[in-house]
Every structure is written in structure tokens, then in C-alpha cells.
Amino acid sequence: MSWSAFLPYVAVMALVTYLIRMLPLTLFRRPIRSRFVQSFLTYIPFAVLGAMTFPDVMYSTGDMRTAAAGVAVAVILAWRGKSLLTVAVAACLAVAAAQGVLMLL
Amino acid sequence: MNAEFRKGIRHGIPIALGYLSVSFAFGMKAVGDGLTWLQAVLISATNLTSAGQMAGLPLMLGGASLYEMALTQLTINLRYGLMGLSLGRKLDDSMGTLQRLIFSFANTDEIFAVASSQPGKVGKHYLYGLMLTPFLGWTLGTLLGGVAGTVLPAFVRSALGIAIYGMFLAIILPPAREKKPIRAVVALSVALSLCFHYLPGLNQVSSGFVIIICAVAAAAAGAALFPVEEEGQA
């Protein structure tokens, strides 16, 4: 793609994305008094990650069977409180192992 | 080196590894679709967002208007606004306006999630460390994917695809196990997300909006049913 066509797109993408991230974090500095809003903001991270993980994770490997193996391993390890890295690596290994099993069948 | 900075870097490593695989896929696709590797890297280095970049790619290649590009990015990335509001409460006094302007650039889903899960307030040294490793991972992964994407065997690439979700699960499950309100919020959000993916009509809504709708509805229901006792306690 030519640079003259490319650069305006990248500038718009980067600017919009940055403004969305920057404005709330920089402008809203007063402590929040509403108990509802405080509770809402406490729950938001978990709600966002839940919606981003399911069902998308089932399509992340190109085969639902290998994804299911990865999810099962990740859920068990995460439930037991293992670290982010341990869970992520174990999930990848489980997917690789499941691919190996499927290839042998 | 400052101990908090080192801790941030350490906490950023799993994020960076997850990003490496996701951005590898982005770089591979971008170059396959007609960008140069330098253009792909430039997008990653200035945007640092997976869903927005993936959505922007076909728009620029298809010659869409800049207005459409802006609106698409706004919709998909609006969730960062909510995260910024939420994270604002966690920042300590070392995070002045300049520090906030800098950190805002890197407030991604994963960095936000890890920063939010820290006990108490977080400061600039920790956050600078926490944004550094993932930024490097994201940019480097795009470079590798753009330059050498076709070299890596398919089974390795598909196994890497799940890394980022394994990380998400490691963030949400331990607190969900301990606290019923969090369990309920996650369950509701996931249930809504499944509806938006599979029910006819609802599955027409764009992915950026789906995340916003599910998260806002589930967090609002959680706030109404289980108000937290004091600031930052979940």
C-alpha cells in the first residue's frame, strides 16, 4: 500500500484510540461518591474479560476440539490460582498436545 | 533500577508473550493482505490494540473513508473509556497529568486487567514497567509475523492463538472463585456474550458493541445486586 494513502488511516486510528484511552483517565480525577458507580467500576474489568473470552476462545485455534482442551487446562490451573504465564503456556501446550492426538487418530 | 519498575516489567512478561503470538498473527495477515512489514509495525506501535487493528486493516485496504475508520475505531475501542474510568481510581499521587497522558497510550485490556488486580493503589514506576514489556512484545511480534509469518508451522501458530485467553482466565477465575458477586458478574457477561454470538438478529451487532453492551449490563446488574462496601473492594 502506498505511504500517501496509508499514513492518514494510521493517524486517524491512532488518534481515535488514544483519545478514548486518555480522556477519561486524565479528566475525571475527582473521587467517586456514588456507591453504585463505584461498584459498577469495580465489576467492569471482570465483565469485559468474560465477554471477550467466551465464546471467542473456542475459535482461537481453528479447531474447537483443541480449543476445548486448552480451555479445560486453563480453567483448572487458573481456578487453582496459578500465575498468568503458567496458565497461558499450559493452555498452548494443551492445544499442541490435542493437535498431536488428533493427527494420530 | 526501581523495584516497582522491575515488578511492572515482570508482571508484563506474560502479557508480552500473549501479545507476541497475537501480533504475530496480525503482522502475518497485514503483509499477506498488501502492507509492507514497516507499515504493519507502525500500526502496532501507534495503536496497541488487537481488535481495532484487525478491523482497521480491511478498511484501509478497501479504501474506506477516514470517517468510517474513525467511527469503527470509536465503537470497537469504547471499552477503553470505561476501563480508564475504572483504573483512574487505582492510581496513586505519583500519577499526575503528564504520567496519565503517557500511561493512557498503553491502557490495553490486559494491562488494565493486571493493574486493576493489584492490591491497593498503583504508581508510575510500576505502570511504566507494566506498559514497557507488552509494548515491546506487541511491536516485535508484528515485525516477526510480517517478516517471517509464513515460515512458522501452522500447528505452532494455532497453539499460540489461545495464549491470550489463557491469560484472561487466569485473571478472572481466582477472584471469581473467592467472591460470589464477581462470579455472578462474569457468568452474566459470558451468557450475554453467547447470546450475541449465536442468536439470530443479535449476532449482527459488531464485536466492539457486543463487548460494551455485555460488560455494561453485567457490571450494572452486579452493582445493583451486590454493592461493594468500600472503594476498590470487590
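What you see is a predicted model, and the numbers here were worked out from it, not measured in a lab.

### What about the packing of helix α3 (residues 50-61) of chain B against helix α4 (residues 66-88) of chain B?
Residues and elements named next belong to chain B.
- For the pair α3 and α4, the least separation of the axes is 9 Å and the interaxial angle reads 160°. The angle between α3 and α4 falls in the class roughly antiparallel. Between α3 and α4 lies a crossing of right-handed hand. Contact residues: α3 offers A51, G52, A55, G56 and L59, while α4 offers E68, M69, T72, Q73, I76 and N77.
- Of the residues that constitute the contact of α3 with α4, the class distribution is five nonpolar, five polar and one charged.

### Things to note about the domain arrangement of chain B
Residues and elements named next belong to chain B.
- Segmentation of chain B into domains returns domain 1 (3-172) and domain 2 (179-234).
- One C-alpha centre belongs to domain 1, the other to domain 2, and the line joining them spans 22 Å.
- Of the residues lining the interface, 10 residues belong to domain 1; the matching set on domain 2 comes to 10 residues.
- Of the residues forming the side of domain 1 that touches domain 2, the biggest block, six residues, is contributed by α4.
- Considering only residue class, the side of domain 1 that touches domain 2 consists of five nonpolar, two polar and three charged.

### Here's the deal with helix α1 (residues 3-33) of chain B
All names here are of chain B.
- An ideal rise of 1.5 Å per residue puts 45 Å on 31 residues; α1 measures up with 43 Å between its terminal C-alpha atoms.
- In α1, a bend of some 35° at I13 exceeds every other bend along the element, and P14, a proline, comes one to four places later.
- G34, located one to two residues past α1, shows a positive phi value of around 125°.

### Notes on the interface of chain B and chain A
- Taken together, the contacts link 84 residues of chain B with 62 residues of chain A.
- Tallying contributions element by element places α4 of chain B first for the side of chain B that touches chain A, with 17 residues.
- Broken down by class, the residue content of the side of chain B that touches chain A amounts to 53 nonpolar, 25 polar and six charged.

### Comments concerning the nonpolar core
- By size, the foremost hydrophobic cluster in this structure holds 105 residues, and its most contacted members are A47 of chain A together with A215 of chain B.
- If you tally residues by element for this core, the top one is α1 of chain B, at 12 residues.
- Domain assignment of the residues forming this core places at least three in each of domain 1 (3-172) and domain 2 (179-234) of chain B.
- Once residues lying within four places of it in the same chain are set aside, the contact partners of A215 of chain B are I44, A47, V48 and A51 of chain A together with R79, L82 and S189 of chain B.

Conventions and cut-offs
- Position numbers for residues start from 1 in each chain and track the written sequence from start to end.
- Chains carry letters from A onward and ligands carry numbers from 1 onward, assigned in written order.
- Thresholds applied to this predicted model are a pLDDT of at least 70 for local features of residues and 80 or more for the giving and counting of side-chain atom pairs; totals over whole chains, interfaces and linings are not thresholded and use all residues.
- Axis definition: a line fitted to C-alpha atoms, over the contacting stretch in the case of helices. Angles run 0 to 180 degrees between N-to-C directions.
- Helix and strand labels come from DSSP, where a helix needs a run of H or I of at least four residues and a strand needs a run of E of at least two; each type is numbered from the N terminus.
- Any angle from 65 to 115 degrees is called roughly perpendicular, while one under 35 is roughly parallel, one over 145 is roughly antiparallel, and all others are oblique.
- Handedness of a helix crossing follows the sense of rotation of the near helix relative to the far helix, less than a right angle counterclockwise being left-handed and clockwise being right-handed.
- Any residue pair is listed as a contact if its two C-beta atoms, each placed from the backbone, are within 7 Å.
- Classification used: nonpolar for Ala, Val, Leu, Ile, Met, Phe, Trp, Tyr, Cys and Pro, charged for Asp, Glu, Lys and Arg, polar for all others including Gly.
- Where each domain starts and ends comes from a domain assignment, either automatic or drawn from a database.
- Take the residue count of a helix, subtract one, and multiply by 1.5 Å to get its expected span.
- Fitting axes to the seven residues ending at a residue and to the seven starting there, one defines the bend at that residue as the angle between these axes.
- Remark: nonpolar core denotes a set of buried Ala, Val, Leu, Ile, Met, Phe, Trp, Tyr and Cys residues whose joining runs through C-beta atoms within 7 Å.
- Exposure classification rests on a simple neighbour count of other C-beta atoms within 10 Å of a residue's own: a residue reaching 20 or more is buried, one at 12 or fewer is exposed, and one in between is partly exposed. C-beta atoms are placed from the backbone.

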